[in-house]
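# Inside the fold
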Amino acid sequence: MNHTPSSSESNPVRPFRELIENELSRRSFVQWFGKGVSTSVGVAALGSLPYSASGSGSTAESESSDVRLFNFKSVPVSKMDNVVVPDGYVADVLYRWGDPIDGQGPTFKLDATNTASDQERQAGMGHDGMEFFAIPGVDPNQRGMLVMNHEYTDQILLFSDGLAPLPPQKMPMEKVRKSMASHGVSVVEVEKQADGNWKVVPSPRARRITADTPAKIAGPAVKKIGEATRGTVNNCAAGRTPWGTYLTCEENIQQVFGTTDPNFTPTAMQKLYGLNNLGFYYVINGQTIPGFRWWEQVKRFDIADPNNDSERFGFVVEIDPMNPEAPPVKRTALGRFRHENAELTIAPDGRVVVYMGDDEMNQYVYKFVSKGKWDATTKSGTAGTGVSEMAGLLDEGTLYVAKFEEAGKGRWLELTPGKNNIPSKQDDPIVGMDAADICVYTRHAAKLAGATPMDRPEWLAVHPQSKQVYVSLTNNKSRTEPNAANPRPVNIFGHIIRWTEAGNDATATEFQWDVFALAGNPAHPDPVNRGNAQGDYFGCPDGLKFDSSGILWIQTDMSSSVMGKPGYEELGHNMMLAANPSTGEVRRFLTGPTGCEITGMSMTPDRKTMFVNIQHPGEPADDISDTSAPMKFSSWPDGPQGGRPRSATIVIRRKDGGLIGS
Ligand code: FEO
Ligand code: CA
Ligand code: CA
């Protein structure tokens with residue numbers, strides 16, 4: 001989702017040319033890398049690549065690749081209301097908003113009259129991050145658990161009568177319950193059928209986790225916010241642990257908190273997290289209408305209530321897909337912000353490292369390093385402080401924020417009381433922070449420490465072999481001070497940067513970074529907006545994920561407010577591309593239906609089945625859907641006989657049963 005108001009500050013603008021020159025002057029850093037790092041230099045060259053992009057879609061068959069990492073014919077940009085995949089591939093719809101979690105019932109009603117109780121047993125809206133898990137003793141290439149996020153709801157499409165009744169009438173409890181049940185996470189069992197297609201099947205493990213599911217809180221913030229709450233919301237992207245759990249990331253939590261209290265004014269800390277009296281809102285015929293209004297019925301979402309739940313949301317939440325009784329656990333040691341995804345890797349000494357982005361303009365990139373270690377041989381953790389039934393490795397450790405410096409150097413700044421300009425309680429009883437404060441007001445600590453404000457950090461991805469870390473920076477319309485890692489003064493198309501940790505050790509406190517690609521058309525008339533990706537172009541990178549072969553899959557999220565508008569027209573709809581980290585080549589693999597974003601991807605271990613999420617097909621440019629004409633912009637995936645455009649998981653496979661991408 002793309003609603004991210006600015007928290008920028010006013011600063012002088014550095015000349016773009018100066019930043020580009022600095023970038024070009026430091027591209028010989030390969031010697032710096034530690035042991036055994038295989039990396040490419042030159043891919044980052046701004047403005048010096050041999051472009052072969054073509055707006056109608058290049059047909060390169062890997063002749064530009066020195067490594068044949070992928071070998072499919074790229075698809076052209078698209079303005080069609082469907083999913084397009086390369087020749088030789090098929091894409092089938094698997095699990096749409098409203099589909100039952102057991103594959104049987106309750107079934108979706110085309111006029112959106114399903115009840116809240118129905119919705120609690122059906123797929124939520126806004127499919128996003130997703131992971132596929134093997135079931136012990138079952139061939140994971142044939143059957144497994146698919147766990148996915150439902151990021152947010154279109155509050156108009158969700159109901160047969162849209163936003164009615166409007167304020168000052170209250171939102172009825174039944175509607176609040178249905179909306180709360182449409183957020184959260186789905187855990188479903190999926191199975192390959194004889195015809196090669198997949199379907200959702202009945203499962204003792206299937207469940208919905210919603211905004212009302214009892215949840216635990218663990219880690220340093222417990223002493224400040226307690227150890228229990230209900231629910232998870234605004235679940236954006238995801239991650240997975242080697243001990244078989246799913247990590248769901250709470251992002252735009254400010255959307256679902258608000259109040260009708262006319263005397264409410266947010267505190268400085270609430271403002272820092274975008275919390276206000278309206279939450280996400282619509283402006284319809286001049287009337288400002290809060291989209292959620294849960295607070296009219298459920299006190300803990302009333303931001304004016306001193307005991308409201310806002311400090312208990314904005315975390316990474318761990319879920320056990322195999323145990324339907326295990327509550328979700330909020331891992332506060334990983335900080336509180338607009339979490340995008342949680343990319344976990346294991347350092348050489350066994351410590352667990354989680355890379356994370358805070359998706360708002362001019363916010364930061366973080367990493368968590370565990371105190372305890374993961375033993376891959378015994379498949380056990382040594383943290384010894386586990387609060388939950390799971391390994392507990394994510395409850396104790398050190399949180400860092402990234403500082404991207406000139407000349408490709410970077411440092412991780414520890415967020416600890418008394419360090420890096422963060423006053424401890426002993427230093428200052430008024431404004432000092434203890435560990436719990438840092439885990440709840442992480443943005444504040446990161447700013448004090450001097451983190452680098454970024455162009456909306458979305459997903460991070462770690463290369464499975466080289467361990468290089470990639471982050472997508474989707475765009476930033478309010479950057480006032482370009483820096484080396486965010487060189488565009490206004491970055492409407494976004495970019496991808498990457499780094500290697502010192503000694504190739506994920507726990508290191510220094511790293512060396514470069515720009516992997518600036519997004520946008522290389523032939524754009526404005527040099528600032530010109531992209532430099534080799535091969536096919538794209539805009540607003542968001543989802544990033546490596547498959548086990550080392551293909552970097554890029555998913556885009558141009559806002560529906562700009563899609564098809566001048567300057568963006570040539571990019572068509574949102575898309576998914578494959579990138580070769582060694583050569584820099586990018587090739588378009590999939591285009592989505594009207595108004596959607598592409599987000600979330602997971603594969604079976606044999607790489608023959610790929611699950612991809614299509615979020616918010618048919619989203620209007622102004623976000624205001626029309627209950628009298630719900631399919632005005634898109635009828636995907638059901639076509640004209642359907643009732644609503646519906647977010648959905650699709651399954652992609654090759655007709656010849658081969659490896660995806662190869
Ligand atoms: Fe939910 Fe930042 O995308
Ligand atoms: Ca996005
Ligand atoms: Ca996203």
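In this report, the structure presented in the accompanying data block is examined.

## Some thoughts on the side chain of Glu585
- Following the sequence through the fold, Glu585 ends up in strand E29 (residues 585-591).
- Relative accessible area serves as the criterion here: at 3%, Glu585 is assigned to the buried category.
- Separated by 2.9 Å, the side chains of Glu585 and Arg587 make a polar contact.

## A few points about the coordination of the calcium ion (ligand 3)
- The coordination sphere of the calcium ion (ligand 3) contains the protein donors Glu340 (OE), Glu458 (OE), Asp542 (OD) and Asp542 (OD), at a distance range of 2.3 to 3.0 Å.
- Sequence spacing of the donor residues for the calcium ion (ligand 3), all on one chain, is E-x117-E-x83-D.
- Between the calcium ion (ligand 3) and the calcium ion (ligand 2), the interatomic distance is 3.6 Å, and Glu458 donates to each metal, bridging them. In this pair, Glu458 is assigned in strand E21 (residues 457-462) and Asp542 in strand E26 (residues 541-546), connecting sequence segments 84 residues apart. Asp542 carries the same exposure label as Glu458, and that label is buried.

## Details of helix H7 (residues 442-449)
- Within H7 the residues assigned to the buried category are Thr442, Arg443, Ala445, Ala446 and Ala449. Seen along its axis, H7 keeps its buried residues to an arc of 165 degrees; they face one direction.
- Here the buried face of H7 lies against helix H5 (268-272), strand E16 (351-358), strand E17 (365-375), strand E19 (397-404), strand E20 (409-414) and helix H6 (435-440).
- Gly450 sits one or two positions beyond H7 and adopts a positive phi of about 90 degrees.

## What to know about helix H3 (residues 173-182)
- With seven of its 10 residues buried, H3 lies for the most part within the structure.
- Tucked into the core, H3 has its buried residues touching helix H2 (116-119), strand E3 (143-150), strand E4 (184-192) and strand E6 (207-209).
- A positive backbone phi angle near 105 degrees is found at Gly184, which sits one or two residues after H3.

## Remarks on the coordination of the calcium ion (ligand 2)
- The calcium ion (ligand 2) binds to the protein through Glu458 (OE), Asp542 (OD) and Asp557 (OD), with metal-donor distances spanning 2.3 to 2.5 Å.
- Written as a sequence motif, the donor residues of the calcium ion (ligand 2) are E-x83-D-x14-D.
- On the basis of relative accessibility, which here comes to 2%, the residue Asp542 falls in the buried class.
- Taking relative accessible area as the criterion, Asp557 reaches 1% and is therefore assigned buried.

## A few points about the pattern of salt bridges
- The tally for this structure, following the rule as stated, stands at 40 salt bridges.
- The shortest N-O distance in the salt bridge between Arg205 and Glu189 comes to 2.9 Å. Here Arg205, found in the loop between strand E5 (198-201) and E6, pairs with Glu189, found in strand E4; they are 16 residues apart in sequence, far enough to count as distant.
- Owing to a relative accessible area of 1%, Glu189 belongs among the buried residues under this scheme.
- It is possible to trace a salt-bridge network through shared partners that takes in Asp212, Arg230, Arg300, Asp309 and Arg312.

Thresholds applied
Each chain carries its own residue numbering, running from 1 in the written order of its sequence. Ligands are numbered from 1 and chains lettered from A, in the order in which they are written. Residue-level local features of this predicted model are given only where pLDDT is at least 70; pairs of side-chain atoms are given and counted only at 80 or more, and the full residue set underlies all totals for whole chains, interfaces and linings. As a convention, hydrogens and water are excluded, and side-chain values are obtained from all of the structure's heavy atoms. Strands are runs of DSSP state E lasting at least two residues, helices are runs of H or I lasting at least four, and both sets are numbered from the N terminus onward. The cut-offs for exposure are 20% and 50% of the maximum accessible area for each residue type, with area from a 1.4 Å probe on protein chains only; residues under the lower value are buried, those over the upper are exposed, and the others partly exposed. Here a polar contact is taken to be a pair of N or O atoms separated by no more than 3.5 Å, where protein atoms must pair a possible hydrogen donor with a possible acceptor and residues adjacent in sequence count only if both atoms sit in side chains. Coordinating donors are taken to be N, O and S atoms lying within 2.8 Å of the metal, or within 3.2 Å when the metal is Na, K or Ca; because water is excluded from the atom set, some sites may appear incomplete. Our arc is simply the arc of the directions from the helix axis toward the C-beta atoms. In what follows, a contact means two residues having at least one pair of non-hydrogen atoms within 4.5 Å. For this document, the term salt bridge refers to a Lys or Arg side-chain nitrogen within 4 Å of an Asp or Glu carboxyl oxygen.

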